[in-house]
Amino acid sequence: MTSTTLPAPAAVPATASAARAFAAKRRRTLLVGLVVFAGMAALPYLVRDVYLQNVLILTVMYAALSQSWNILGGYCGQISLGHALYFGLGAYFTSVLFVTYGVVPWGGMLAGGLASAGVALLLGWPCFRLAGHYFSIATIVIAEIGLLLVHNWDFVGGAMGIQWPFNPDSWWTLQFARDKVPYFHFALGLFVAVWFVTYLIEDSRWGYWWRAVKDDAQAAESLGVEVFRSKMAAAAVSAFFTAIGGGFYAAYVSYIDPESVMSFRFSLLFALPAVLGGIGTLWGALVGAAILIPLTEISRSYLGGTGSGLDLILYGLLVMLVALARPEGVLSLFKRTRTARNQEAAP
Amino acid sequence: MTTQALAQVLASGLLMGLIYALIAVGLSLIFGLMDVVNFAHGEFLMIAMYATFGLVLATQLDPVVLMPLVAALLFALGGASYLGVVRFAMRAKANQGMVQIFATFGLAILLQGVAQYLFTPDYRNVQNTWLGGRTLEVGGVFLPWPQIFGAVVSLAAFGGLHLLMSRTDFGRALEATREDQGAVALVGIDRNRVFALGWGLGAALVGLAGAVLAVFYYIHPQVGASFALIAYVTVALGGFGSVAGALVAGVIVGLVEAFTAVILPPALKSVGVYALYLAVVFVRPQGLFGRL
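- Per an unreviewed UniProt entry, chain B goes by the name High-affinity branched-chain amino acid transport system permease protein LivH and belongs to Methylobacterium isbiliense.

- The name that an unreviewed UniProt entry assigns to chain A is High-affinity branched-chain amino acid transport system permease protein LivH, with the source organism given as Methylobacterium isbiliense.
- Word for word, the UniProt comment on chain A under Subcellular location (unreviewed entry) is "Cell membrane".

### As for the packing of helix α12 (residues 284-303) of chain A against helix α13 (residues 310-325) of chain A
All names here are of chain A.
Then comes step 1: At a minimum axis separation of 8 Å, α12 and α13 run at an interaxial angle of 160°. On the basis of their axis angle, the class for α12 and α13 is roughly antiparallel. Crossing hand, α12 versus α13: right-handed. Here L295, T296, S299, R300 and L303 of α12 lie close against α13, whose contacting residues are L310, D311, L314, Y315 and L318.
Then comes step 2: Classifying every residue of the contact of α12 with α13 by side-chain character gives six nonpolar, two polar and two charged.

### Let's talk about the UniProt feature "transmembrane region" (unreviewed entry) in chain A
All names here are of chain A.
Then comes step 1: Following the UniProt record, the feature "transmembrane region" (unreviewed entry) maps to residues 29-47, 53-72, 84-104, 110-128, 183-201, 232-256, 268-293 and 313-334 here.
Then comes step 2: The span residues 232-256 shows a helical share of 88% and a strand share of 8%, and its end C-alpha atoms are spaced 29 Å apart.
Then comes step 3: Taken end to end, residues 313-334 is 73% helix and 0% strand, and its first and last C-alpha atoms sit 30 Å apart.

### Here's the deal with the packing of helix α2 (residues 50-75) of chain A against α12(A)
All names here are of chain A.
Then comes step 1: Packing of α2 against α12 leaves a shortest axis separation of 8 Å and a crossing angle of 135°. By the angle class used here, α2 and α12 are oblique. Classified by chirality, the crossing of α12 by α2 is right-handed. Every residue of α12 that contacts α2 at V55, L58, T59, Y62, A63, S66, Q67 and N70 is listed here: G284, A285, L286, G288, A289, A290, I293, P294 and E297.
Then comes step 2: Tallied by class, residues from the contact of α2 with α12 come to 10 nonpolar, six polar and one charged.

### Examining the pairing of strand β2 (residues 141-144) of chain B
Along a regular strand, successive side chains alternate from one face of the sheet to the other.
Residue and element names in this part refer to chain B.
Then comes step 1: Direction of pairing for strand β1 (residues 135-138) relative to β2: antiparallel, over a ladder of four bridges. By the bridge assignment, V138 is partnered in β2 with V141.
Then comes step 2: Taking the residues that link successive antiparallel strands as the turn, the β1-β2 hairpin has two residues, and the phi of G139 there is positive, at about 55°.

### Examining the UniProt feature "transmembrane region" (unreviewed entry) in chain B
Residue and element names in this part refer to chain B.
Then comes step 1: UniProt records the feature "transmembrane region" (unreviewed entry) at residues 6-32, 44-61, 67-89, 101-119, 139-164, 194-219, 225-256 and 263-283, using the numbering of this structure.
Then comes step 2: Counting secondary structure, residues 6-32 comes out at 100% helix and 0% strand; the distance between its end C-alpha atoms is 36 Å.
Then comes step 3: The distance from the first to the last C-alpha atom of residues 225-256 is 20 Å, and the span holds 88% helix and 0% strand.

### Here's the deal with helix α5 (residues 132-151) of chain A
Then comes step 1: The end-to-end C-alpha distance of α5(A) is 29 Å, a good match for the 28 Å that 20 residues give at a rise of 1.5 Å each.
Then comes step 2: With 14 of 20 residues buried, α5(A) lies mostly within the body of the structure.

### Focus: the confidence of the model for chain B
All names here are of chain B.
Then comes step 1: When pLDDT is averaged along chain B, the result is 91, and 99% of the positions lie at 70 or above.
Then comes step 2: Model confidence for chain B, summarised as mean pLDDT per element, is weakest for helix α7 (residues 181-186) at 78 and strongest for helix α2 (residues 41-59) at 96.
Then comes step 3: Complex prediction metrics read pTM 0.89 and ipTM 0.88.

### Some remarks on the environment of V248(B)
Residue and element names in this part refer to chain B.
Then comes step 1: Looking at the secondary structure, you find V248 in helix α10 (residues 243-263).
Then comes step 2: Exposure remark for V248: the 18 C-beta atoms within 10 Å place this residue in the partly exposed category.
Then comes step 3: Each C-alpha atom, one on V248 and one on V281, is 15 Å from the other, the two residues being 33 residues apart in sequence.
Then comes step 4: Apart from the residues lying within four places of it in its own chain, the contact partners of V248 are G238 and L288.

### Quick notes on the interface of chain A and chain B
Then comes step 1: Residue-level contacts link 36 residues of chain A with 41 residues of chain B.
Then comes step 2: Every element with two or more residues in the side of chain A that touches chain B is listed here: α5, α11 (264-277) and α13 of chain A.
Then comes step 3: The biggest single contributor to the side of chain A that touches chain B is α5(A), with 12 residues.
Then comes step 4: Each residue belonging to the side of chain A that touches chain B can be placed in one class, and the counts come to 24 nonpolar, nine polar and three charged.

### Details of unusual backbone geometry
All names here are of chain B.
Then comes step 1: Its identity as a non-glycine residue notwithstanding, D35 has a phi of 60°, on the positive side.
Then comes step 2: You can see D35 is positioned in the loop between α1 (3-34) and α2.
Then comes step 3: Take D35: there are 17 C-beta atoms within 10 Å of it, and that puts it in the partly exposed class.
Then comes step 4: Although it is not a glycine, T120 sits at a positive phi angle of roughly 65°.
Then comes step 5: Among the secondary structure elements, T120 is positioned in the loop between α4 (96-119) and β1.

### Examining the nonpolar core
Then comes step 1: Ranked by size, the top nonpolar core spans 210 residues in total, and within it A187(A) and V233(B) carry the most contacts.
Then comes step 2: If near-sequence neighbours (up to four positions away) are discounted, A187(A) is found in contact with I57(A), V60(A), M61(A), A64(A) and F248(A).

### Let's talk about α12(A)
All names here are of chain A.
Then comes step 1: Between the first and last C-alpha of α12 there are 28 Å, a value that for 20 residues agrees with the 28 Å anticipated at 1.5 Å per step.
Then comes step 2: Burial in α12 covers these residues: G284, A285, L286, V287, G288, A289, A290, L292, I293 and T296.
Then comes step 3: Buried residues in α12 make contact with α2, α11 and α13.

The rules behind these values
- Residues numbered from 1 in each chain as written.
- Chains lettered and ligands numbered in written order.
- Predicted model: local features only at pLDDT ≥ 70, side-chain atom pairs only at ≥ 80, totals over all residues.
- UniProt positions renumbered as here; feature names shortened; annotations may be inferred.
- Axes fitted to C-alpha atoms, helices over the stretch in contact; angles between N-to-C directions.
- Helix = DSSP H or I, 4+ residues; strand = E, 2+ residues; numbered from the N terminus.
- Parallel < 35°, antiparallel > 145°, perpendicular 65-115°, else oblique.
- Left-handed = near helix turned anticlockwise from the far one by under 90°.
- Contact = placed C-beta atoms within 7 Å.
- Nonpolar A, V, L, I, M, F, W, Y, C, P; charged D, E, K, R; others polar.
- Pairing = 2+ DSSP bridges.
- Expected span 1.5 Å × (residues − 1).
- Buried ≥ 20, exposed ≤ 12 C-beta atoms within 10 Å, placed from the backbone.
- pLDDT = per-residue confidence, 0-100.
- Core = buried A, V, L, I, M, F, W, Y, C linked by C-beta atoms within 7 Å.

As structure tokens, then:
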């Protein structure tokens, strides 16, 4: 109402300065990213213990996978609990192409990523008609069908799985028997790639569309947002990177079977770090993974070997606490103070 | 396929379907009441199976006799889960759907851990029961007694639930709360109490199913997961929140599973059920009897 009576010249510099402030904030984010990633790249040289290096690799890998999940679940608001399907597709494409046809893992990952994106589009077409819990349950069921089919498909090893042959250390075949550091750098590279794609998306038309779809799909639709295409695009990007993560995991552990790459617990593990850290944020997945993965890995190695179930009790309590204590994620602890600061600064 | 074989598949599918309906109805009831999907539903079933196992060991009584006790225990577990976990999940101001999913998932993992801690991960079974291993032969069709008993319990439970919902004050309070959560407070119904009792009732129903299953199924900490997926599919197929839908969908699921097992390798028997579920929800997202 009042804005129409405002003198136009006064509004123009205000928007221009807001745009400048926004651009500066974007540059700052990028700079922080560069510093953080450089610091992370040095980590495995400081931590020489092989067990801890394994924890670091898994942490960064789950951060990358959770950020991939975040693209669909966090930014676009479609809670998939079936991403194990894309993870498994990546792992199987990479393993079968390498072990049976001799294609280097890089090619297998790319093929698996593209295939997963295609599958995500194919499944998205019917699934995105479903909303809320209906969508989540459909994703669980579809991933379960995938698991059952792979389990009974002899060409990909059936229940026996696929063992990678032993190869000399090489970036070409992604096999490093002596030193785990290259694995860490590959996982970090993947995380940086997903992070950077998310960074670009945040300020693109897609980013705004996705967040609008998440907040209120109907309202977004009425404002001209193409809801269905938004969900499809988010699903394809998300599935692509999840499959590359699956290919990396296969190369890292050198042996896969249906349960070890496609079971439901992976779908859960991709969602949890982002939820813990803060969904729909650039850093949530990394923060969440940095808390969750070391805790679960260490509690599993200390308590899990006995089969007493104590590790599960601890993990279950942790998941409940994550969900109940801070629904907006750990990162919101910092964000709130900044908002409060801005409010104080504002007249 | 001979007539006899066909009758056998039909009968087995029908009996198992009624048991699936009994497993699923509690889930549907809770969803209808408060729009929450309990992702620990399968673990409630698993706990009920272990409770039967433990009580049989402790009392040397038959599972049939112990069934009411198991249902009562599960009622307490359901009520406690609402009061201790779900109540807080519903208070979340942000990402409420996600908070509910992960709070109940956390509960599921916790319950698996507790079962593994108390009973080890070994496979268990309840031995020397009245019904176990006995079959009824009707014109060349063999029906195992535990499944017949389960089907009867299921039908009785659905009948009882219908009476409870339509004839008692509690049932009316339940129905009123699912219609309008805000308005019931104005007429003096304590919403939290109704929710807690609803969770208790839903868990007690899956408790009956657990006591039935314990007679003829292996018991281990992960046993809930496989039944849980069938339960979600049943509830989604019948329509979330619809009690009658759970009954019809349960029977359909049982029959489809039985026929899939004839056509495909037994390991893939669930694929038919999942495919049917997907086909239905893609055409009719609200399920057969659901409201959107």
